[in-house]
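Each chain, written out:
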Amino acid sequence: MGVIQDGKISLERLQIQAERPALFQYGDQEIWTDEHISKRMLEAHLDPDINAASRKHEMIVKSCGWIVSELDLKEGSKVVDLGCGPGLYCEEFARLGLDVTGVDFSKRSIKYAMDQSSSSIEYIHGDYLTVDLGDKYDAAFLIYYDFDVLSDSDRNELLSRVYSIIKDDGYFVLDVLTPNHKDSGHETMEWSINPNGGFWSPKGYLELFKMYYYPEDQVKLDQNVIIDEDGKTRTYRIWHRLYTLKQITKLLKNHGFVVEGFYEDLKGTPYERDSGSIGLIARKI
Ligand SMILES: C[S@@+](CC[C@H](N)C(=O)[O-])C[C@H]1O[C@@H](n2cnc3c(N)ncnc32)[C@H](O)[C@@H]1O
């Protein structure tokens, strides 16, 4: 959609962009697979010192070591990392002796992962909701709150896929945000002018950011509306459903998993009642 009509800025069209979208209504653009954004995203993944597209690399190393020991995974255990990005976890799991498959639909990230890989990791370029993932895994991982971003139907599809690709007694390891997360319960707005381009586009643009909160559903939305110099707009949305421990435990149970361990994160920090996140070790039953 454009916001210029008959040579003027159309405030009506601009207002439409600012309307609160229906729950899990996706934007008109995909963040992870965009040619320009994925370049910026890869730079963010590879910065070892920031929690952005990936966590700080020190945390990734700790997390992989903790998961391997918590699940008692042995040399040669078969694992799959769903949404593996440029393979930071895959490389560490492989270094720890596991037989690793990584799946991601960002061509740029998967290409980077394949080019860098010094071990026998299998990287699959594709959507983990539809691509053939193989089977008989000892464990499947979905790390960095990627479970939260799925609509209810995509989430259910993912859970049944994970159930079918892991062995009996296999593990599903994931992390989610809770309603105690610092971004929950309020809304914020920001804008910025980027005449020389930036994260969202190589050309100049105006960025209108709004974080929406849907209290009844405990869902938050990060929405970026990007308006270029011709008045064309692009809308990017990242949804997060926030789960209490009780809700996520029940949901996993309904899909054939029992929660065997819960922590504040995936490196074993004890879970407290007011934790803003939960790291879960679930087992197929
Ligand atoms: C927040 S990043 C986390 C990457 C990685 N787990 C990490 O922590 O370093 C989310 C990743 O999931 C990928 N992704 C999101 N939805 C996906 C889908 N449906 N199928 C495959 N990959 C997906 C994105 O391309 C991105 O690389």
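Every chain is numbered independently, its residues counted from 1 as its sequence is written. Restriction of local features to residues with pLDDT of at least 70 applies here, the model being predicted, together with a cutoff of 80 or more for giving and counting side-chain atom pairs; totals for whole chains, interfaces and linings are based on all residues. To get the side-chain values, all heavy atoms of the structure are used, and hydrogens and water are removed first.

**Some details on the site of the ligand**
One heavy atom within 4 Å of a molecule or strand is enough for the residue carrying it to be called near that molecule or strand. Around the ligand there are 17 residues in total, and Ser 54, Gly 83, Asp 104, Asp 127 and Tyr 128 lie nearest to it. Between the ligand and Gly 83 there is a distance of 2.8 Å, counted from a nitrogen atom to a backbone nitrogen or oxygen. Whenever two N or O atoms come within 3.5 Å, that pair is a polar contact, provided that in protein one can donate a hydrogen and the other can accept it, and provided that, for residues adjacent in sequence, both atoms are side-chain atoms. Here Asp 127 contributes a side-chain N or O atom positioned 2.9 Å from a nitrogen atom of the ligand. Using the Shrake-Rupley algorithm and a 1.4 Å probe, accessible areas are obtained, with residue cover drawn only from the displayed protein chains. Protein contacts shield 94% of the accessible area of the ligand, which totals 600 Å² for the unbound molecule. Looking at the shell around the ligand residue by residue, the class counts come to eight nonpolar, six polar and three charged. Each residue gets one label: Ala, Val, Leu, Ile, Met, Phe, Trp, Tyr, Cys and Pro are nonpolar, Asp, Glu, Lys and Arg are charged, and the others, such as Gly, are polar.

**Regarding the side chain of Thr 178**
Relative to the helices and strands, Thr 178 is located in the loop between strand E7 (166-177) and strand E8 (188-194). Relative accessibility thresholds used throughout: buried, under 20% of the residue-type maximum; exposed, over 50%; partly exposed, between the two (1.4 Å probe, protein chains only). Relative accessible area serves as the criterion here: at 2%, Thr 178 is assigned to the buried category. Only 2.7 Å separates the side chain of Thr 178 from the backbone oxygen of Ser 275, close enough to count as a polar contact. Leave out the neighbours within four places in its chain, and Thr 178 touches Leu 242, Tyr 243, Ser 275, Gly 276, Ser 277 and Ile 278. Only DSSP runs of H or I covering at least 4 residues are called helices, and only runs of E covering at least 2 are called strands; the numbering of each starts at the N terminus. Contacts are residue-level and defined by heavy atoms, with any inter-residue pair within 4.5 Å sufficient.

**Considerations on the domain arrangement of the protein**
It is common to give the size of an interface as the accessible area that goes away when the parts come together. Per the domain assignment, the segments making up the protein are domain 1 (4-30 + 182-241) and domain 2 (37-178 + 243-284). Averaged C-alpha coordinates put domain 1 and domain 2 at centres separated by 28 Å. Counting residues at the interface gives twelve residues for domain 1, matched by 16 residues for domain 2. Here domain 1 packs against domain 2, burying approximately 1200 Å² in sum over the two surfaces, 57% of which is carbon and sulfur. Here the buried area means the combined drop in accessible surface, using a 1.4 Å probe, for two parts upon being joined, counting both sides. Of all residues in domain 1, Phe 199, His 240 and Arg 241 bury the most surface against domain 2, accounting for 51% of the area lost on that side. One side-chain nitrogen of Lys or Arg within 4 Å of one carboxyl oxygen of Asp or Glu is enough to make a salt bridge. One can count one salt bridge joining domain 1 with domain 2. For Asp 152, the salt bridge identified is with Arg 241, shortest N-O distance 3.0 Å. The tally of links between domain 1 and domain 2 comes to four residue pairs in polar contact (both at pLDDT 80 or more). Its residues assigned to classes, the side of domain 1 that touches domain 2 shows seven nonpolar, three polar and two charged. Throughout the structure description, domain borders are defined by an automatic or database domain assignment.

**A short note on the pairing of strand E6 (residues 137-142)**
Of all the six residues making up E6, five are buried; the element is thus mostly covered by neighbouring parts of the structure. Strand pairing follows a simple DSSP-based rule, namely that at least 2 bridges must link the two strands. Relative to E6, strand E3 (residues 78-82) is paired through three bridges, and the arrangement is parallel. The residue of E6 that forms the bridge with Val 80 is Ala 140. As paired elements, E6 and E7 share five bridges and run parallel to each other.

**Points about the pairing of strand E5 (residues 122-125)**
The pairing of strand E4 (residues 99-104) with E5 spans four bridges and is classified as parallel. Bridge pairing in E5 places Asp 104 opposite His 125. Think of it like this: strands point away, you trace from the first strand over the helix to the second, and a clockwise trace means the crossover is right-handed. Handedness of the crossover joining E4 and E5 through helix H5 (residues 107-116): right-handed.

**Considerations on helix H7 (residues 245-254)**
Every buried residue belonging to H7 is among Leu 245, Ile 248, Leu 251 and Leu 252, and all of these are buried. Within H7, the buried residues cover an arc of 135° as seen down the axis, which keeps them to one side. Turned more than 90 degrees off the buried face of H7, the exposed positions are Lys 246, Lys 250, Lys 253 and Asn 254. Buried residues along H7 sit against helix H6 (152-165), E7, strand E12 (257-263) and strand E13 (277-284). Of the residues trailing H7, Gly 256 is marked for its positive phi of about 90°. Relevant arc is that of directions from the helix axis to the C-beta atoms, nothing else.

**Remarks on the packing of aromatic side chains**
In summary, the pairing rule links any two rings of Phe, Tyr or Trp, Trp by its six-membered ring, whose centres are within 6.5 Å, and it sorts them by plane angle into stacked for under 30 degrees, edge-to-face for over 60 and tilted for everything else. The tally for this structure, following the rule as stated, stands at eleven aromatic pairs. Both rings, one in Phe 172 and one in Phe 257, keep their centres 5.8 Å apart while their planes meet at 45°; by these two values the pair is tilted. Taken as a pair, Phe 172 in strand E7 and Phe 257 in strand E12 lie far apart in primary sequence, 85 residues in all. We classify Phe 172 as buried; its relative accessible area is 0%. Since its relative accessible area comes to 1%, Phe 257 is described here as buried. An angle of 55° between the planes, with centres 5.5 Å apart, marks the rings of Tyr 214 and Trp 239 as tilted. Linking Tyr 214 in strand E9 (residues 205-214) with Trp 239 in strand E11 (residues 233-241), this pair joins segments that are 25 residues apart in sequence. Taking relative accessible area as the criterion, Trp 239 reaches 1% and is therefore assigned buried. Among the aromatic side chains, those forming a connected cluster through ring pairs are Phe 24, Tyr 214 and Trp 239.

**Details of the sheet that holds E5**
Read across the open sheet, the seven strands follow the order E5-E4-E3-E6-E7-E13-E12; overall the sheet is mixed. Only two strands of the sheet have a single partner each, and these edge strands are E5 and E12. Within the sheet, the average angular offset between the axes of one strand and its neighbour, ignoring direction, is 20°. Pairing between E7 and E13: seven bridges, direction antiparallel. Across the sheet, Val 176 pairs through a bridge with Ile 278, a residue of E13. Note on method: axes are straight lines fitted to C-alpha atoms, helices fitted across the in-contact stretch only, with angles between N-to-C directions ranging 0 to 180 degrees.

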